[in-house]
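Spelled out from the first residue to the last, the chains are:
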Amino acid sequence: MTLWQRMTNFSFLPDYAPYFINGIICTLLLSVVSVFVAIIPALCLALMRLSKSKILRGISGAYIQVFRSTPLLVQLFIVYFGPFTAITLPSYKMFGFIDTAIFIPGVVALALNSSAYVAESIRAGILAVDKGQTEAARSLGLTQAQTMRYIVLPQAIKNIIPTLANELVTMIKETSVIGYLGVQDLMWGTKTTAGATFLPLSPYILAAAIYFCINFPAGKAVEALERRMRRGDK
Amino acid sequence: METNKLIQVKDVYKRFEDGNMTVALDHCSLEIRKGEVVVIVGPSGSGKSTMLRTLNMLEVPTSGEIIFEGVNIADKSVDINVHRQKMGMVFQHFNLFPHKTILENLTLAPIKVKGEDHRTVEERAMRLLGIVGLADRAHDYPSQLSGGQKQRVAIARALCMQPEVMLFDEPTSALDPEMVGEVLEVMRDLAKHGMTMVVVTHEMGFAREVGTRVIFMDQGKILVDEDPKTFFEKPENPRLQDFLAKVL
Ligand SMILES: Nc1ncnc2c1ncn2[C@@H]1O[C@H](COP(=O)(O)OP(=O)(O)O)[C@@H](O)[C@H]1O
Ligand SMILES: [Mg+2]
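Residues numbered from 1 in each chain as written. Chains lettered and ligands numbered in written order. Predicted model: local features only at pLDDT ≥ 70, side-chain atom pairs only at ≥ 80, totals over all residues. Heavy atoms only, no water.

This part takes up the overall build of chain B. Scanning chain B from terminus to terminus reveals nine helices and 10 strands. Computed over C-alpha atoms, the radius of gyration of chain B comes to 18 Å, within 12% of the 18 Å expected from 2.2 N^0.38 for 248 residues, which places it in the range of a compact globule. Here chain B holds 248 residues, and the buried ones make up 56% of them. Accessible surface computed for chain B: about 10,900 Å², of which carbon and sulfur atoms make up 46%. The distance from the centre of the 30 positive side-chain charges to the centre of the 36 negative ones in chain B is 2 Å. (Helix = DSSP H or I, 4+ residues; strand = E, 2+ residues; numbered from the N terminus. Rg over C-alpha atoms; globule rule 2.2 N^0.38 Å. Buried < 20%, exposed > 50% of the residue type's maximum accessible area, 1.4 Å probe, protein only. Areas by Shrake-Rupley, 256 points an atom, 1.4 Å probe, with all protein chains shown as cover. Lys, Arg positive; Asp, Glu negative; His and termini not counted. Charge placed at Lys NZ, Arg CZ, Asp CG, Glu CD.)

Let us now look at the side chain of Arg-157 of chain B. Tracing the sequence through the fold places Arg-157 of chain B in helix 5 (residues 147-159). Despite being buried, Arg-157 of chain B has no salt bridge partner; Glu-135 of chain A is the closest side chain of opposite charge, sitting 9.8 Å away. Here the side chain of Arg-157 of chain B touches Phe-94 of chain B through a polar contact of 3.4 Å, landing on its backbone oxygen. With near-sequence residues (within four places) excluded, Arg-157 of chain B lies in contact with Ala-136 and Leu-140 of chain A together with Phe-94, Asn-95, Leu-96, Phe-97, Asn-105 and Leu-106 of chain B. (Salt bridge = Lys/Arg side-chain N within 4 Å of Asp/Glu carboxyl O. Polar contact = N/O pair within 3.5 Å; in protein donor to acceptor, adjacent residues only side chain to side chain. Contact = heavy atoms within 4.5 Å.)

A few words now on the packing of aromatic side chains. Residue and element names in this part refer to chain A. Enumeration over the complete set of coordinates arrives at 11 aromatic pairs over all chains. Here Tyr-19 and Trp-188 contribute two aromatic rings whose centre-to-centre distance is 5.9 Å and whose plane-to-plane angle is 40°, an arrangement assigned as tilted. With Tyr-19 in helix 2 (residues 13-49) and Trp-188 in helix 8 (residues 186-197), this residue pair connects regions lying 169 residues apart in the sequence. Judged by relative accessible area, Tyr-19 falls into the partly exposed class, the value being 31%. (Phe/Tyr/Trp six-rings, centres within 6.5 Å; stacked < 30°, edge-to-face > 60°.)

All names here are of chain B. Contact geometry of helix 3 (residues 102-112) with helix 4 (residues 118-131) gives a least axis separation of 9 Å together with a crossing angle of 135°. As far as their axial angle goes, helix 4 and helix 3 are oblique. Like other packed secondary-structure pairs, helix 3 and helix 4 cross with a definite hand, here right-handed. On helix 4, the residues touching Ile-102, Leu-103, Leu-106, Thr-107, Pro-110 and Ile-111 of helix 3 are His-118, Val-121, Glu-122, Arg-124, Ala-125, Met-126, Leu-128 and Leu-129. A per-class count over the contact of helix 3 with helix 4 returns 10 nonpolar, two polar and two charged. (Axes fitted to C-alpha atoms, helices over the stretch in contact; angles between N-to-C directions. Parallel < 35°, antiparallel > 145°, perpendicular 65-115°, else oblique. Left-handed = near helix turned anticlockwise from the far one by under 90°. Nonpolar A, V, L, I, M, F, W, Y, C, P; charged D, E, K, R; others polar.)

A separate point is the site of ligand 1. Residues and elements named next belong to chain B. Around ligand 1, the neighbouring residues are Phe-16, Asp-18, Thr-22, Ala-24, Pro-43, Ser-44, Gly-45, Ser-46, Gly-47, Lys-48, Ser-49 and Thr-50. Within the contact set of ligand 1, an oxygen atom lies 3.1 Å away from a backbone nitrogen or oxygen of Gly-47. Compared with its free state, where it exposes 560 Å², ligand 1 has 65% of that area covered by protein. Counting residues per element, the shell around ligand 1 draws most heavily on helix 1 (residues 48-55), which supplies three residues. Tallied by class, residues from the shell around ligand 1 come to three nonpolar, seven polar and two charged. (Near = heavy atom within 4 Å.)

Next up on the list: the sheet that holds strand 5 (residues 71-72) of chain B. All names here are of chain B. Spatial ordering of the open sheet is given by 2-1-4-5, a layout of four strands whose pairing is antiparallel. Only two strands of the sheet have a single partner each, and these edge strands are strand 2 (23-33) and strand 5. Note that strand 1 (residues 5-15) and strand 4 (residues 63-68) share five bridges and pair antiparallel. Within strand 4, the position partnered with Val-9 by the bridge is Ile-66. (Pairing = 2+ DSSP bridges.)

As a further point, take a nonpolar patch on the surface. On the surface, a cluster of nonpolar side chains totalling about 300 Å² of accessible area is made up of Ile-21, Ile-25 and Phe-95 of chain A. Assignment of secondary structure puts Ile-25 of chain A in helix 2. (Patch = residues over 30% accessible without salt bridge, like charges linked within 9 Å, V, L, I, M, F, W, Y side chains within 5 Å.)

As a further point, take the interface of chain A and chain B. Where interface size is quoted, it is often the accessible area lost as the parts come together. Counting residues at the interface gives 18 residues for chain A and 23 residues for chain B. Carbon and sulfur atoms make up 62% of the surface buried where chain A meets chain B, a total of about 1,700 Å² over both sides. When the buried surface of chain A facing chain B is broken down by residue, Ser-139, Leu-140 and Tyr-150 of chain A rank first, second and third, together holding 34% of it. Joining chain A to chain B, the criterion identifies one salt bridge. Close ionic contact of Glu-135 of chain A with Arg-53 of chain B constitutes a salt bridge, the shortest N to O distance being 2.8 Å. (Buried area = accessible area lost by both parts, 1.4 Å probe.)

In structure tokens form, the structure reads like this:
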């Protein structure tokens, strides 16, 4: 077979399409849930990073550096074979095929990783709010916490939302390591298909096409969102 | 202690720890009595804003005391939020809250900080908006207002906390010339009603007419502290003479 034939041999599709369809569902679910779960810890990390306490700043900074400087796959294994060997999770099949006993540790690992990145974008979003806003609020007698809650965060959100959407796009790609735990995501479905059909190339071409078809429009949507949020400014 | 002394600045020294180690306030002392309108003038960079901002601890002095209503608020063990409620501040760039309506800009602090009743605060806010001529804009957002209107709202917002003193940092410097008058008018009115005010400004007409005392600062020092008549008509300090020759 020529290279072109190997790339475009989709004869596996009639039998293996469900792997890909389930894979898309699983990948999207995993990414959305992980980024969502990451928001609260990320907000805590960002506020710690901005606090006056050296200790809180140090803890948060160390967390962020550790998670950004080590591979996601390593983090995934450490979380799965570390804390989660001590906990027995209920095994329930979401959509009939996603096993919660491995999905949950996967979400936890991805969210821990994602929170390190999201924390930095929340921090940047907070810092981008004009200092005059804080000064005005403090001059009226609001405490630091009230100022954050009523004045700064509501304005920072429009800086943060586009970066969250961006993180989601990144996450859709990053989740591809989750197959190592046996979570049946898009990458897992692709690998299984390639192994079973002895077609080493074309399933991956299809997977690439699917990832692209999700992420390219999503990326464009993020850009449009960013433009709209910016236009919303005074 | 004399009760009519609202604020006493005692030997305040402020150095910014930022590489340049700028000395913004070089051992300044000053008293502000109830009902006074103290105007601070001086060249750019002379420490006027820093002086004003140390009065409500937006800048913390390196050394020295700020006595407000008998309490040294420069002391770190003091809960500054309690005292700031009584000191309104108006900024050069308005700093209205863009995500809140005009009315909410006024009512937020009285409700959240003082825990006042919504209805009471809203009534007071509407009355204040009426006084600054913007009652009909209560439900608009700051972005829908002109600069002059924004600054009038900012003044009303500070007043809504019912402060003992109002601090103004170049309130008309960011305005188009045709809007300066409407803001000065509101301030003049406030002074007439007996509000204690500390005003940093380049508007010498305002200083002369409305000020009860005028202070000249240069290089972090208070060089002159006089009544307006002496200040403008018989200035003795050579640096002040220079300054007046440039700005008048
Ligand atoms: N936050 C700051 N950090 C460092 N230096 C500052 C800061 N604020 C003011 N300064 C410096 O302190 C001096 C006095 O500034 P300021 O009080 O703003 O003067 P003015 O209001 O009279 O123009 C200037 O030299 C200025 O550069
Ligand atoms: Mg200034």
